[in-house]
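If you want the building blocks of each chain, they are given just below.
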There are 2 protein chains.
Amino acid sequence: MEGQSVYLTQLVESLQMLPGVGKKSAQRLAYYIMKMPQQEAKRLSESISNVRNKVKECIVCSNFTENEKCPICMNEKRDKESICVVQEAKDIGVMERIGEYNGYYHVLKGVISPMEGIGPDELNIPSLLNRIREGKIKEVIVATNPNVEGEATAMYLAKLIRPLGAKVTRIAHGLPVGGDIEYADEVTLSRAMQGRMEI
Amino acid sequence: MEGQSVYLTQLVESLQMLPGVGKKSAQRLAYYIMKMPQQEAKRLSESISNVRNKVKECIVCSNFTENEKCPICMNEKRDKESICVVQEAKDIGVMERIGEYNGYYHVLKGVISPMEGIGPDELNIPSLLNRIREGKIKEVIVATNPNVEGEATAMYLAKLIRPLGAKVTRIAHGLPVGGDIEYADEVTLSRAMQGRMEI
């Protein structure tokens, strides 16, 4: 844009790369960054370069970590008999926030998707099988997303894991809490019926 | 959050400082930054530190610039008889985008606001008066926001500028284009009536 500092323009362009940030919000954010306290701006800039330069994958579960092993794999107090398989490292954060689960995790780094040319070989499966073989894993909870790819991947994993002696479970499908039966789609409602439990 | 790299947590905290970015979006943005191409992440981080370290105020109009004078003040081809007064440097970008105006700008860096303890002395007014005195300015367009503080500041400026021989104008109030009279507030509608023009 004419009349704008080239550095501001560069920042606006960079911010526009972020998901959900359009041209106007990028402009707004850039001006905000111009005016925020120097210390905070420095911290933001450094945090970005830190996550890129210092954060790597946990050698056990592929969670993000700045050490060899992530804090969860380092925590000896968690349930050693359970692994929760997630698609992406960020899903670990979501699971941890609910505070329901106390075992370990394993990041698949994707799901089987013939449409996108992703087969089982592209996923982080061999190390999962090794962990199950070497540990005393009793249950593997497959927490891939509740869509076609996530389901297919869960089925595929179950077939590989069951012979190793671990129970394979899948997170439940059903109505979202606070939802309304009237507005539920048929597939979800049918899954909710199938998954009904005694109260 | 337990299980998350400290660098990721730091980045999430920094991103949350930005306007309109809550905890969940900050988390989402942070994971996106983790996975974006190294080059783009580096550019984002550097852009932030560049705007803070290299961008300063134009010595003439207080627009943001990396040089002594901003590109607009450097542009000899613009209309030397007109200055548009804006509240903040970012408003210059907004005005430039519409491409309607071809004069120079002056950034007030705020508006008179007794509520927030901002009087005329806190604003960038003396240099504006000097510019009017020294140049051959025929018109000063006051483009402060159309609210109480913006109006009061416009009135105050008009009183100071008129004796210097320049015409002082105010951007028009009226119905937003694409708006609906039915939903216009009374004050806006009354201003729109007052500002009616022959067609």
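Within each chain, residues carry numbers counting from 1 in the order of the written sequence. As a convention, the first chain written is A and the first ligand written is 1, with the rest following in written order. The model is predicted, so local features are restricted to residues of pLDDT at least 70 and side-chain atom pairs to those at 80 or more, both for listing and for counting; the totals for chains, interfaces and linings are taken over all residues. The side-chain figures draw on all heavy atoms in the structure; neither hydrogens nor water molecules are used.

Draft legend 1. Focus on the interface of chain A and chain B. Here a residue-residue contact requires only that any non-hydrogen atoms of the pair lie within 4.5 Å. Across the boundary between the two partners, chain A contributes 56 residues, which contact 56 residues of chain B. When two parts are put together, the accessible area they lose, computed with a 1.4 Å probe and summed over both, is reported as buried area. Taking both sides of the interface into account, the surface hidden between chain A and chain B amounts to around 5600 Å²; carbon and sulfur atoms contribute 62%. Salt bridges are defined as contacts in which a side-chain nitrogen from Lys or Arg sits within 4 Å of a carboxyl oxygen from Asp or Glu. In this assembly, chain A and chain B are joined by four salt bridges. We note a salt bridge from Arg43(A) to Glu13(B), for which the minimum N-O separation is 3.0 Å. Polar contacts, as used here, are pairs of N or O atoms within 3.5 Å; protein pairs need one atom able to donate a hydrogen and one able to accept it. Residues neighboring in sequence count only if both atoms are side-chain atoms. On inspection of chain A and its partner chain B, the count reaches 19 residue pairs in polar contact (both at pLDDT 80 or more). For the side of chain A that touches chain B, the elements supplying multiple residues, two or more each, are helix H1 (6–16), helix H2 (23–35), helix H3 (38–54), strand E2 (64–65), helix H4 (71–74) and helix H5 (89–98) of chain A. The secondary structure listing takes helices from DSSP runs of H or I that are at least 4 residues long and strands from runs of E that are at least 2 residues long, numbered from the N terminus. Here the side of chain A that touches chain B gets 14 residues from one element, more than from any other, and that element is H3(A). Looking at the side of chain A that touches chain B, its residues break down into 25 nonpolar, 16 polar and 15 charged. Each residue gets one of three labels, nonpolar for Ala, Val, Leu, Ile, Met, Phe, Trp, Tyr, Cys and Pro, charged for Asp, Glu, Lys and Arg, and polar for the others, Gly among them.

Draft legend 2. Here's a closer look at the packing of aromatic side chains. All names here are of chain A. When two rings of Phe, Tyr or Trp (its six-membered ring) have centres within 6.5 Å they constitute a pair, described as stacked for plane angles under 30 degrees, edge-to-face for angles over 60, and tilted for the intermediate range. According to the stated counting rule, one finds four aromatic pairs over all chains in the structure shown. Plain terms: the ring middles of tyrosine 101 and tyrosine 105 are 5.2 Å apart, the flat faces sit at 65 degrees to each other, and that makes the pair edge-to-face. Taking the relative accessible area as the measure of exposure, tyrosine 101 reaches 13% and is therefore buried. When accessible area is computed with a 1.4 Å probe and restricted to protein chains, residues below 20% of their type maximum are described as buried, those above 50% as exposed, and intermediate ones as partly exposed.

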